[in-house]
Structures are given as C-alpha cells and as structure tokens.
Amino acid sequence: MDPPPLIDHARRLVLVGANHRTCPIDAREAILRRVSYRRMAAAQTRGLFSDLVLLTTCNRIEAYALTSRPGETKDALLHLLQPESPHHVYELQGVDAASHLLRVAAGLDSVAHGEEQIAAQVRGAPDARPSSWTQANGLRELFVRAARESTRIRRLAHLEGTPMSASHAAARYLQEVLRIERPIVALLGSGKMARLAAEALRPRAHLVVANRELRKARTTASRLGANLMTLRDLPRILREADAILAATSAEKPLVRKAALERAMAVRPGRPLWLVDLGVPRNVESACGTVNGVTLLNIDDLAPWAWHPPDPAALAHVEGAIRDEAVLAVDALRPRPADLVATLRRAAEAWRRREVERTLSRLPGASEEERRIVEKMADRLTNRLLHTPTSMLRRMQ
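Asker: An account of the overall build of the protein is requested, with residue identities and associated values reported.
Answerer: On a plain count of helices and strands, the protein comes out with 15 helices and 10 strands. Taking 21 Å as the expected radius of gyration for a compact globule of 396 residues, we find that the protein reaches 27 Å, considerably beyond that expectation. Here the C-alpha coordinates of the protein stretch approximately 90 × 55 × 40 Å along the principal axes. Taking all 396 residues of the protein together, 49% fall into the buried category. When contacts within the protein are restricted to residue pairs at least 6 apart in sequence, long-range pairs at least 24 apart make up 71% of them. Put simply, the protein shows about 19800 Å² of open surface, and 52% of that area lies on carbon and sulfur atoms. Both charge centroids of the protein, one from 60 positive and one from 45 negative side chains, sit 3 Å from each other.

Asker: Any chance you could break down the sheet that holds strand 1 (residues 12-19) for me, citing the residues and the numbers?
Answerer: Pairing is antiparallel across the open sheet formed by four strands, whose spatial order is 2-3-1-4. A strand with exactly one partner marks an edge of an open sheet, and here the two such strands are strand 2 (49-56) and strand 4 (90-93). Ignoring which end each strand starts from, the neighbouring axes of this sheet average 15° apart. Sheet topology note: the strand 1/strand 4 ladder contains four bridges and is antiparallel. Paired with Val-14 across the bridge in strand 4 is Gln-93.

Asker: Quick rundown of the confidence of the model for the protein? Include the residues and the values.
Answerer: Mean pLDDT over the protein: 88, with 91% of residues reaching 70 or higher. The low-confidence segment residues 1-9, where pLDDT is below 50, has 20 contacts with residues more than four positions distant or belonging to other chains.

Asker: Give me the nonpolar core: which residues, what numbers.
Answerer: Counting 54 residues, the largest nonpolar core has Leu-13, Leu-52 and Val-122 as the members making the most contacts within it. Excluding its chain neighbours within four sequence positions, the residues that come into contact with Leu-13 are Tyr-64, Ala-65, Leu-66, Leu-92, Gln-93, Gly-94, Ala-97, Ala-98, Leu-139, Leu-142 and Leu-332. One finds Ala-170, Ala-171, Ala-205 and Ala-221 within the second-largest nonpolar core, a separate group that totals 36 residues.

Asker: Hey, could you go over the packing of helix 4 (residues 94-105) against helix 6 (residues 139-156) for me, with residue numbers and the actual values?
Answerer: One way to put it is that helix 4 packs onto helix 6 with a least axis distance of 8 Å and a crossing angle of 55°. Classified by the angle their axes make, helix 4 and helix 6 are oblique. Note that helix 4 runs across helix 6; the crossing there is right-handed. Contacts between helix 4 and helix 6 involve Leu-101, Leu-102 and Ala-105 from the former and Leu-142, Phe-143, Ala-146, Ala-147, Glu-149, Ser-150 and Ile-153 from the latter. Of the residues in the contact of helix 4 with helix 6, the class split is eight nonpolar, one polar and one charged.

Asker: Please set out the packing of helix 8 (residues 192-201) against helix 9 (residues 214-224) residue by residue, giving values where relevant.
Answerer: To describe two helices that pack against each other, one gives the angle between their axes and the distance between the axes. Running from N to C, helix 8 and helix 9 cross one another at 20°; their axes reach a closest spacing of 11 Å. When the axes of helix 8 and helix 9 are compared, the pair comes out roughly parallel. The hand of the helix 8/helix 9 crossing is right-handed. Where helix 8 approaches helix 9, its residues Arg-195, Ala-198 and Glu-199 are matched on the opposing element by Thr-220, Arg-223 and Leu-224. Here the contact of helix 8 with helix 9 is built from residues that sort into two nonpolar, one polar and three charged.

Asker: I'd like to hear about the pairing of strand 9 (residues 272-276), residue by residue, with values.
Answerer: In terms of residue burial, strand 9 counts as a mostly covered element, since five of its five residues are buried. The alternating pattern of strand 9 places Leu-272, Leu-274 and Asp-276 on one face and Trp-273 and Val-275 on the opposite face, and all of these are buried. As paired strands, strand 8 (residues 243-246) and strand 9 are joined by four bridges and run parallel to one another. Looking at strand 9, one finds that Ala-243 is bridged to Trp-273. As for the winding sense of the linkage, the β-α-β connection from strand 8 through helix 11 (residues 257-265) to strand 9 is right-handed.

The rules we used
Residues numbered from 1 in each chain as written. Predicted model: local features only at pLDDT ≥ 70, side-chain atom pairs only at ≥ 80, totals over all residues. Heavy atoms only, no water. Helix = DSSP H or I, 4+ residues; strand = E, 2+ residues; numbered from the N terminus. Rg over C-alpha atoms; globule rule 2.2 N^0.38 Å. Buried < 20%, exposed > 50% of the residue type's maximum accessible area, 1.4 Å probe, protein only. Contact = heavy atoms within 4.5 Å. Areas by Shrake-Rupley, 256 points an atom, 1.4 Å probe, with all protein chains shown as cover. Lys, Arg positive; Asp, Glu negative; His and termini not counted. Charge placed at Lys NZ, Arg CZ, Asp CG, Glu CD. Pairing = 2+ DSSP bridges. Axes fitted to C-alpha atoms, helices over the stretch in contact; angles between N-to-C directions. pLDDT = per-residue confidence, 0-100. Core = buried A, V, L, I, M, F, W, Y, C linked by side-chain atoms within 4.5 Å. Parallel < 35°, antiparallel > 145°, perpendicular 65-115°, else oblique. Left-handed = near helix turned anticlockwise from the far one by under 90°. Nonpolar A, V, L, I, M, F, W, Y, C, P; charged D, E, K, R; others polar. Right-handed = clockwise from strand over helix to strand, strands pointing away.

Have a look at this one:
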C-alpha cells in the first residue's frame, strides 16, 4: 500500500447528494437503503479522502468529503448512492458545496422553507458516524459552523417567528380538509415530528397516540391530553380515525393496503386521510388507491409548507451565504502546523517502507547491521525534513 501524499495541501470539499427537488421519494428510499459508512469502508474508498460525513434527513441524502482527488472521490460517492437516474443527484465542490450546506442548515433547501429543526440534524451529523470515522478532521468544524450560522441566515431571510416544518405543513393540510367537529386524529409515533403536528392540531381535534414503545407513547399522550394506544391497536385505529399522521422511524411500512381495505369495508361513507411523514415511508404507497382514502407523503406537503420568500431579503441572504461559504472553505485549508504534522507522518511512512524494502534484500544482515540501516534512514529523513519544516513553522 502506498503511503499518503507528502502534503495534503489541496483538501477540496466535494458533495454528492439527492433531495426532494431532484429525486422522488421512492428513489430516495432506495438510495437511503444503500448509503452507509460501512459500505464506504467495505468498498475500500476511504483512502480517497481525509474526512467524510453523511447527512440523511426526510428531504435529502448527501455525502460530504474532503479530498485531494475530487474526481475520484465524486465517482466513489456516486457509486455509493447508485441513483436510478443521473438527474436524481447533484454534485458540488468548494464554495458551492459549502453554500449548499449553509442553505440546508438554515432550512432554505427543505420542503418546509425555513424550518429550524434541520440545524440540529446538521450539527449532529458528524457525531452520528461510527467511532472509526470520528477521528477524521475538518468536516466537523464545517457542520458546526453551518448550524451556528443558521439562525443569522434565517433572520436575514425574514423567516423568524413563523413555525415552519413538515409537521406544521401536515397540520395545516389536515385543518383544511377535516370539516367535521372534533375529528379523531391518530398519531403513529411519538417523536418530535409527530408532537409538533399534534400540538398544532390539539385545539380542534381529539388526539390518539400509538407507538411501539409504550413508555414514550404514554409520555406524549399525557403531554397532549391524548388517548393512548399501541401499534397492536392499528386495526382499530384504521377503523375509527378520521385522519392518521404517521411519523415513526420504522424501516418498513406499518400501514398495508390489505389491512386498510378491511378497515374501510366496515366504515362506508367515512373518508380517511393518511399523512405519511416517514422516510422510509410508514404507509404503503398502494394505500392511496383504496377507495375513500387520501394519502400524502412528505413531498406532497409542499403546497402547505411553502412561504414565498421576500425577493429582496433572499438576494441579501444569498450574498451573506456566499461570503460565509468562502470563509468556511478557507478554514478547511491546512494551516502550517497541520502541514508540518502531515509532512512528518508521510515522511515516516516512506522511511518505514524503504527500510523494510532494504532489509528484505539483506536476509543475512545481523542485528547490528539492521540497527545501522534504521539509524541511517532516521538521519536522512530528519535532515531532509529540517529545512521545509522550519519554513512552515516560520509561516505560523
């Protein structure tokens, strides 16, 4: 295996991703099933880059990498995502990639324009990596910076003060379509997305909370003043609810077409609205074909989530994003101290390699002769490093 390059002075930010604007939800789900740090390690591509962070949310799957070989890294990330169509993905580098991350963290790239929750997901993405990847350097600072700047960017875009999220969009949609007095709205899941929607619906709906973990469901139901059920009660929920809002982390659909058809058969004339906030989806897509059922997934909520931005504010915020991105990319460049450490690590790798190669050609060498070769290699390495490391230190 070749040792690392002498100086990784060209760490370039590379982004490959797919989101709700470029890729339909079924294709995003397929990508989500393929993307993992384990697959990157198994594909032996880690040597292409010095750092990697995967950002996966309801709206996007993105891979960010720091590399001195952007072309090869882009190809490796495309292989990781394996999109069904090249039109489903976007590729950005340098300042463009950093600008995109800043927009994402501020909620400017979400279905719910200006949502706040995404900033926490951006901040936490580097810490979600397996321990074997957390020693990498560079992208953590970029992600923390993007999350920190999100409040300022949202303020510049005049997006403060209005609750914006897919959950709020779901609540607005249900408030619009449910024309009956005190409709029964069931929540599948008790996480933050379900709670936000329920809090918005609470004044005019009778709420039911069902979750796989009874303790979490009980806490949420108590907070909302809702009835408590478990997912084992799903057949009853399908028969009795006027609307169901699904927002669980289940990897497979909870609501299936066959079960829904049985439930609808015993509630003739009563429509049912299903709003699926899960990615992967909690409701089988075929449920939308059942008579009397209206099914929306998270992408379908865009008309209830979009607040037209102020064009003047948007132009101003784009300039601020670009300026911040330039600073962020500059901060990714190795400083002299980093270069000294990188240079010494690379030189040591070369020294070990050459010593091993030389000694392999001297099978009869004594211990003393081996020590002589080692010391000679040490002296040569130190002498060769003295001038460049001194110059780099003077740059600090």
